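What the coordinates show
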Amino acid sequence: MHAAKLRPLLLPLLIASPLAVSTENPTAHQHGHAELQLALSGQTVELYALSPAYNLLGFEHEPRTSEEHQVVDTTIAWLHETPLINTLGLNCTIQASEVRYAFASDHNHHGSEHESENKGKHESHTDIEISQTLSCPDLDAASLLTSPMGSRFSALEHLEIAWTGPDGQGSLRLERGETSFQLGR
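Predicted, not measured: the structure shown is a model, and the values here were computed from it.

Structural notes on the sheet that holds strand S3 (residues 86-87)
- Spatially, the three strands line up as an open sheet ordered S3-S6-S9, and their pairing is antiparallel. Two strands lie at the open edges of the sheet, namely S3 and strand S9 (180-181), each paired on one side alone.
- Note that strand S6 (residues 145-146) and S9 share two bridges and pair antiparallel. Bridge assignment links Thr-146 to a residue of S9, and that residue is Ser-180.

Right, dumping it as structure tokens:
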């Protein structure tokens, strides 16, 4: 199935998922917690990840020092270049990637209008959003998937994963140090 056809699959997951972010959701912004939502079809995966900036950068304020700017640039580049899930054979490739962070210094990294409008208002609660479209040639045969997020980001304590696809839907939680999971397909 073409990636554009998967977007409608991801929308219901985002709306119906207990992981969906809202102002009434007390877990919407918790340090140590991040969310990863997947829409699977054949060998294509559309994913959306949301994390407090603290989990990925070590801070949430606007970068102030050259070291903090370097952390932002390095992290955003890694998020653009690294599939956030993969098969055990590491065969997934990124077809499209977008990272949204209010204080990104490079014009190639997209900050949304909402983030720009609120740039100075909610510095203590800054999130990073990642969208990726992946091509995973051996996804059908994969019984186990991996995510490099837990090993890359030491402040990440829990990664909530929810998925939907032709074989059903489900969710699970990876704890600190866990990198592999099974979709239960």
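Some details on the side chain of Asn-86
- Among the secondary structure elements, Asn-86 is positioned in strand S3.
- Not counting chain neighbours up to four residues away, the residues in contact with Asn-86 comprise Asn-91, Cys-92, Leu-145 and Thr-146.

Observations regarding the pattern of salt bridges
- A full pass over the atoms with the stated rule returns five salt bridges.
- Arg-173 serves as the salt-bridge partner of Glu-160, at 2.6 Å between the closest nitrogen and oxygen. With Glu-160 in strand S7 (residues 158-165) and Arg-173 in strand S8 (residues 168-175), this residue pair connects regions lying 13 residues apart in the sequence.
- One salt bridge connects Glu-175 with Arg-173, and the closest N-O pair in it is separated by 3.8 Å.
- With relative accessibility at 38%, the residue Arg-173 sits in the partly exposed group.
- Several salt bridges converge on common partners, so that one network encompasses Glu-98, Arg-100 and Glu-129.

Concerning helix H3 (residues 66-81)
- Over its 16 residues, H3 runs 22 Å from end to end, which matches the ideal 22 Å to within 8%, given 1.5 Å per residue.
- Buried within H3 we find Glu-68, Val-72, Thr-75, Ile-76, Trp-78, Leu-79 and His-80.

Here's the deal with the pairing of S7
- Counting buried residues in S7 gives eight out of eight residues, a clear majority hidden from the surface.
- Side chains His-158, Glu-160, Ala-162 and Thr-164 project from S7 onto one buried face, and the interleaved Leu-159, Ile-161, Trp-163 and Gly-165 project onto a second face that is buried too.
- Of the strand pairs in this sheet, strand S1 (residues 33-41) and S7 are connected by seven bridges, and their pairing is parallel. In the sheet register, Gln-37 faces S7, and the bridge partner there is Ala-162.
- Pairing of S7 with S8 involves eight bridges; the strand directions are antiparallel.

Describing unusual backbone geometry
- Residue Leu-90 is not a glycine yet carries a positive backbone phi of 55 degrees.
- Along the chain, the position of Leu-90 falls in the loop between S3 and strand S4 (93-101).

As for the environment of Asp-140
- As for its placement among the helices and strands, Asp-140 is situated in the loop between strand S5 (127-135) and S6.
- Note: C-alpha distance between Asp-140 and Thr-44 (96 residues apart in sequence) is 9.9 Å.

Details of the side chain of Arg-100
- Along the polypeptide, Arg-100 turns up in strand S4.
- A polar contact of 3.0 Å, which involves the side chain of Arg-100, links it to the side chain of Ser-131.

Considerations on the confidence of the model for the protein
- Put simply, the protein has an average pLDDT of 80, and 71% of its residues get 70 or more.
- Counted against residues more than four places away or in other chains, residues 13-27, with its pLDDT under 50, gives 26 contacts.
- In this model, residues 107-123 is a region of pLDDT below 50 whose contacts with residues beyond four sequence positions or in other chains number 23 contacts.

Looking at the packing of aromatic side chains
- Going through the model one piece at a time under the given rule, you end up with two aromatic pairs.
- Relative to Phe-153, the ring of Trp-78 lies with its centre 5.3 Å away and its plane at 90 degrees, an arrangement referred to as edge-to-face. Of the two residues, Trp-78 is situated in helix H3 and Phe-153 in the loop between helix H5 (149-152) and S7; the sequence distance between them amounts to 75 residues.
- A relative accessible area of 2% means that Phe-153 is categorised as buried.

The rules we used
- Residues numbered from 1 in each chain as written.
- Predicted model: local features only at pLDDT ≥ 70, side-chain atom pairs only at ≥ 80, totals over all residues.
- Heavy atoms only, no water.
- Pairing = 2+ DSSP bridges.
- Helix = DSSP H or I, 4+ residues; strand = E, 2+ residues; numbered from the N terminus.
- Contact = heavy atoms within 4.5 Å.
- Salt bridge = Lys/Arg side-chain N within 4 Å of Asp/Glu carboxyl O.
- Buried < 20%, exposed > 50% of the residue type's maximum accessible area, 1.4 Å probe, protein only.
- Expected span 1.5 Å × (residues − 1).
- Polar contact = N/O pair within 3.5 Å; in protein donor to acceptor, adjacent residues only side chain to side chain.
- pLDDT = per-residue confidence, 0-100.
- Phe/Tyr/Trp six-rings, centres within 6.5 Å; stacked < 30°, edge-to-face > 60°.

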